[in-house]
Structures are given as structure tokens and as C-alpha cells.
Amino acid sequence: MTKILTGGVGKTEVANAVKSLGLDGVEVAVSSDMDAAMKLRSGQADYFLGTCHTGAGASLGVLVGLVGQPTCHTFGRSVPTEDEVAALLADGKKVFGFSIDQIDVIAPLLARAVAARA
């Protein structure tokens, strides 16, 4: 089972968007940034999807500091392609940030890509 944690200002909306997909092998839970960082570091969670108003710093600030920049990626205001997401996952990225006005597009894209890797 792959566990995705959600955080930031749109954490509930992201969790709902992922849950509505009904992906086999994917569990999603709303989390605080600190709790998510600890769960990722200890192996109790696999991925984190964070949101803020711009998709930049605040969506991942705590996670970058606690799990390290190499596992984090922010999309900012851009919408990635499926190939870009697949390449980021293949590169070991586990923590993603994006803006709240793009939840309906980016959250399902990331969740489906994660599920395809499980």
C-alpha cells in the first residue's frame, strides 16, 4: 500500500481529489507538515502533496528543511505533463508542492503516476 499525505492550505481538497479517484493500492491522509516530515523520514508514508497560494515556498518549506531538497519538487504555477511527473518520480522525488487553484489538475495527475509505480 502506498501512502500519500497531504498538507498546506488545500490539504483537505487534495485528499478528497485523490480519494475520489479510487486508486487501488493508494491510501491518502490529511497531515500537518511536521507530522508528514516525520512519517516520510521513518517510512510510515511514501509521498507528500503540499499546497499554498503560489505553489512555491510555503507548500514545501518545512519538508525541504526536514527531508531534504533532493526529494522535493515544486511546480509553482506550472502544470506538469504526465512525462514530467514520471521523470520526477523516477528521479526519487517524493514531496511535491503546487498552488491551490491547480488541485483539480495536479493532484489526480500525481496520484495516478504514483499508483502506476506501485
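The preceding data block contains the structure.
About the criteria used
Residues numbered from 1 in each chain as written. Predicted model: local features only at pLDDT ≥ 70, side-chain atom pairs only at ≥ 80, totals over all residues. Heavy atoms only, no water. Patch = residues over 30% accessible without salt bridge, like charges linked within 9 Å, V, L, I, M, F, W, Y side chains within 5 Å. Areas by Shrake-Rupley, 256 points an atom, 1.4 Å probe, with all protein chains shown as cover. Salt bridge = Lys/Arg side-chain N within 4 Å of Asp/Glu carboxyl O. Helix = DSSP H or I, 4+ residues; strand = E, 2+ residues; numbered from the N terminus. Buried < 20%, exposed > 50% of the residue type's maximum accessible area, 1.4 Å probe, protein only. Phe/Tyr/Trp six-rings, centres within 6.5 Å; stacked < 30°, edge-to-face > 60°. Lys NZ or Arg CZ within 6 Å of the ring centre and 35° of its normal. Expected span 1.5 Å × (residues − 1). Contact = heavy atoms within 4.5 Å. Lys, Arg positive; Asp, Glu negative; His and termini not counted.

Asks: Describe a nonpolar patch on the surface, naming the residues involved and giving the relevant values.
Replies: A contiguous nonpolar surface patch, about 250 Å² in accessible area, is contributed by Met 34, Met 38 and Val 62. Mapping Met 38 onto the fold places it in helix α2 (residues 33–42). Classification of Met 38 as partly exposed rests on a relative accessible area of 39%.

Asks: A description of the packing of aromatic side chains should follow, citing residues and the corresponding values.
Replies: Applying the stated criterion across every chain, the model contains one aromatic pair. A ring pair is formed by Phe 75 and Phe 96, whose centres lie 5.9 Å apart and whose planes are at 5°; its orientation type is stacked. One end of the pair, Phe 75, is in the loop between β4 (72–74) and α4 (82–90); the other, Phe 96, is in strand β5 (residues 95–99), with 21 residues separating them in the sequence. The exposure class assigned to Phe 75 is buried, which follows from its relative accessible area of 6%. For Phe 96, a relative accessible area of 1% gives the class buried. The ring of Tyr 47 carries the charged tip of Lys 94 above its face, separated from the ring centre by 5.2 Å.

Asks: Please give an account of helix α5 (residues 103–117) that cites residues and values.
Replies: Between the first and last C-alpha of α5 there are 21 Å, a value that for 15 residues agrees with the 21 Å anticipated at 1.5 Å per step. Ile 103, Ile 106, Ala 107, Pro 108, Leu 109, Leu 110, Ala 111, Ala 113, Val 114 and Ala 115 are the residues of α5 that are buried. In this structure, the buried residues of α5 make contact with β1 (2–8), α1 (11–19), β2 (26–30), β3 (47–52), α4 and β5.

Asks: Can you break down the side chain of Asp 33 residue by residue, with the values?
Replies: Here Asp 33 lies in helix α2. Put simply, Asp 33 is tucked away with no salt bridge, and the nearest opposite charge, on Lys 11, sits 6.7 Å away. Residues contacting Asp 33, with those up to four places away along its chain left out, are Gly 7, Gly 8, Phe 48, Val 62 and Leu 63.

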